[in-house]
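# Architecture at a glance
So you can see what is in the structure, the chains are spelled out below.
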Amino acid sequence: MAAELGQKEETKNVKITAKTHVKLNKKLGRRECQLVTFDLPYLAFYYNQKLLFYRGSDFEEMVGKLKDGLAVVLEDFYQLAGRLGKDDEGVFRVEYDDEMDGVEVAEAIAEGIEIADLTVEEVTTTLKEFTPYNGVLNLEGLRRPLLAVQLTKLKDGLAMGMAFNHAIIDGTSTWHFMSSWAEICGGAHSISVPPFLDRTKARSTRVKLDLSLPSTPLASSNGDAKLPPQLREKIFRFSEAAIDKIKSNVNANPPSSDGSKPFSTFQSLSVHIWRHVTHARELKPEDYTVFTVFADCRKRVEPPMPESYFGNLIQAVFTVTAAGLLSANPPEFGASMIQKAIEMHNAKTIEERNKEWEKSPKIFEFKDAGVNCVAVGSSPRFKVYEVDFGWGKPESVRSGSNNRFDGMVSMYQGKSGGRSIDVEISLEAVAMERLEKDKEFLMEM
């Protein structure tokens with residue numbers, strides 16, 4: 001029923017006018033790159049979607065520039081123009097050859113819709129129509145492009161929706177690619193930071209997985225028969241002053257005996273969100289609640305990998321406590337738990353986690369972040385508002401509808417700049433209503 005409704009909405013709001021493919025400007029021949037232990041757990045996630053809005057009056061010129069730039073930047077990021085495949089032993093890999101289709105690019109038009117209609121704080125179902133590959137599993141990269149782009153003409157600009165196969169890249173790699181693409185469109189002859197493409201330098205163990213596509217794509221998108229809870233998705237914008245105040249409050253009474261460092265901005269904002277979401281859910285004191293962060297392991301592995309490492313080099317780090325303990329104690333209690341979990345995730349821990357997974361591979365589903373969880377993806381470190389293709393910075397940056405579940409949080413660099421942070425939260429409707437009225441959470445006291 002939901003899919004039918006979505007299709008009706010699509011014919012009403014967004015009309016696809018053309019679908020093409022963009023290939024590399026030059027021939028590279030055949031290339032192969034083994035997927036490694038850091039990549040493989042995400043095969044049963046959905047494509048990771050990003051949505052950027054730009055002002056502009058000449059849609060055709062913007063589209064032409066983006067396609068031309070894409071054909072150039074793919075010479076460095078050719079894996080995005082490839083497909084998933086398996087070698088003779090059943091080990092997954094990225095395969096590229098010059099005969100493949102390349103990146104799928106759809107053009108669309110949304111008559112009468114303005115950027116302002118789509119950048120409101122409440123995330124509407126309309127946004128789903130501006131991103132490709134809704135409900136498409138990463139595993140489908142065996143037969144689909146690993147990157148799909150949808151460029152939609154708005155009344156006053158362009159909506160740029162993208163779907164990246166999450167089994168091959170994480171957030172750091174996503175924004176490295178986006179900033180490189182923007183560099184080329186901005187007139188650069190080459191990108192400033194080429195991607196580091198050899199994943200086996202981070203982990204060389206070959207893991208054979210007996211995974212194949214479901215006979216019907218939708219069969220895998222519902223893990224159980226019961227209907228999922230109704231979610232609401234909203235952006236909360238924390239100004240630089242609010243962020244400084246949150247950080248100051250969490251650091252007001254640091255534990256003195258254990259020699260711990262001051263809590264970072266990320267740790268402070270994370271515990272602020274965790275505590276107030278837990279309160280909004282009205283959990284019982286004995287109920288467990290889990291905080292999950294997808295930690296970047298580039299500088300944690302041994303030997304360390306460069307920031308330009310192209311692939312997934314993240315691992316989920318979990319912290320769990322009783323809701324009553326989290327709420328009854330001051331914020332530094334939860335912040336200390338988060339800090340310790342992140343600091344303990346060193347090369348030794350990563351190695352042990354990898355060996356354990358390789359012995360008994362577990363393919364995650366996007367909602368496996370834990371009970372009553374708050375799970376943080378993306379990062380305010382990513383310079384998302386500096387992705388300028390030659391017509392100015394984006395008016396707004398959003399996540400798509402894929403991989404959303406109750407408690408999913410995405411943090412973005414704030415539109416207002418400085419230390420401001422935009423926080424995108426998905427919650428059950430009743431809990432979201434309570435969170436919206438929580439003045440302490442909103443920093444409106």
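So, here is what we can say about the structure in this document. (Residues numbered from 1 in each chain as written. Predicted model: local features only at pLDDT ≥ 70, side-chain atom pairs only at ≥ 80, totals over all residues. Heavy atoms only, no water.)

### Things to note about the overall build of the protein
Scanning the protein from terminus to terminus reveals 11 helices and 15 strands. For a compact globule of 445 residues, the expected C-alpha radius of gyration is about 22 Å, and the protein comes in at 22 Å, within 12% of that figure. Relative to its 445 residues, the protein shows a buried fraction of 53%. Considering only contacts within the protein whose residues lie at least 6 apart along the sequence, 80% involve residues at least 24 apart. Accessible surface, the protein: about 19700 Å² in total, of which carbon and sulfur atoms supply 51%. The distance from the centre of the 56 positive side-chain charges to the centre of the 64 negative ones in the protein is 2 Å. (Helix = DSSP H or I, 4+ residues; strand = E, 2+ residues; numbered from the N terminus. Rg over C-alpha atoms; globule rule 2.2 N^0.38 Å. Buried < 20%, exposed > 50% of the residue type's maximum accessible area, 1.4 Å probe, protein only. Contact = heavy atoms within 4.5 Å. Areas by Shrake-Rupley, 256 points an atom, 1.4 Å probe, with all protein chains shown as cover. Lys, Arg positive; Asp, Glu negative; His and termini not counted. Charge placed at Lys NZ, Arg CZ, Asp CG, Glu CD.)

### Digging into the pairing of strand E6 (residues 103-109)
Buried residues dominate E6, accounting for 6 of its 7 residues. Across 7 bridges, the pairing between strand E1 (residues 15-22) and E6 is antiparallel. Residue pairing across strands places Ala18 opposite Glu107, the latter belonging to E6. In this sheet, strand E7 (residues 147-154) lies alongside E6 in parallel orientation, the contact comprising 6 bridges. Looking at the pairing, Glu104 lines up with Ala148 of E7. (Pairing = 2+ DSSP bridges.)

### Structural notes on unusual backbone geometry
The step from Glu302 to Pro303 runs through a cis peptide bond, and the omega angle for that step is -5°. With phi around 60°, Ser378 is a residue other than glycine that occupies positive phi space. One non-glycine residue with positive phi stands out, namely Met443, at about 60°. Mapped onto the fold, Met443 is located in the segment after helix H11 (439-442).

### So, empty space enclosed by the protein
The tally for this structure, following the rule as stated, stands at 2 cavities of 30 Å³ or more. When its volume is computed, the second largest cavity comes out at roughly 30 Å³. Lining the second largest cavity, in full, are Lys23, Leu24, Ala81, Tyr96, Asp97, Asp98, Met100 and Gly102. When the residues that make up the lining of the second largest cavity are grouped by side-chain class, the tally is 4 nonpolar, 1 polar and 3 charged. (1 Å grid on protein atoms, 1.4 Å probe; cavity = no way out; pocket = protein on both sides within 12 Å on 5 of 7 lines; lining within 4 Å. Points joined across faces, edges and corners; volume = space filled by probe spheres on them. Nonpolar A, V, L, I, M, F, W, Y, C, P; charged D, E, K, R; others polar.)

### Regarding the side chain of Ser426
Tracing the backbone shows Ser426 in strand E15 (residues 421-428). A distance of 2.9 Å separates polar atoms of two side chains, one belonging to Ser426 and the other to Arg404. What Ser426 contacts, discounting residues up to four positions off in sequence, is Leu231, Arg232, Glu233, Arg404, Phe405, Asp406, Gly407 and Met408. (Polar contact = N/O pair within 3.5 Å; in protein donor to acceptor, adjacent residues only side chain to side chain.)

### What about the sheet that holds E7?
Strand pairing within a sheet occurs via backbone hydrogen bonds; the two strands may be parallel or antiparallel. Across the sheet, 6 strands lie side by side as E1-E6-E7-E8-E3-E13; this open sheet has mixed pairing. At either end of the open sheet lies a strand with only one pairing partner, and these are E1 and strand E13 (396-399). Strand-to-strand twist across the sheet, computed as the mean angle between neighbouring axes with direction ignored, equals 15°. Sheet strands in contact with helix H4 (residues 171-185) are strand E3 (48-55), E7, strand E8 (157-164) and E13, and its direction is about 140° off that of E8. (Axes fitted to C-alpha atoms, helices over the stretch in contact; angles between N-to-C directions.)

### Focus: the pattern of salt bridges
Side-chain pairs of opposite charge can arise whenever the charged atoms involved come near each other. For the coordinates displayed, the defined rule picks out 39 salt bridges. Within this structure, Arg30, Glu32, Arg93, Glu95 and Asp97 form a network of salt bridges that share partners. (Salt bridge = Lys/Arg side-chain N within 4 Å of Asp/Glu carboxyl O.)

### So, the side chain of Gln413
Inspection of the secondary structure puts Gln413 in strand E14 (residues 408-413). What makes Gln413 buried here is its relative accessible area of 12%. Polar contacts involving the side chain of Gln413 include one to the main-chain amide nitrogen of Tyr385, which spans 3.0 Å. Not counting the four nearest positions on each side in its chain, Gln413 is found in contact with Ser379, Pro380, Phe382, Lys383, Val384, Tyr385, Glu386, Ser420 and Asp422.

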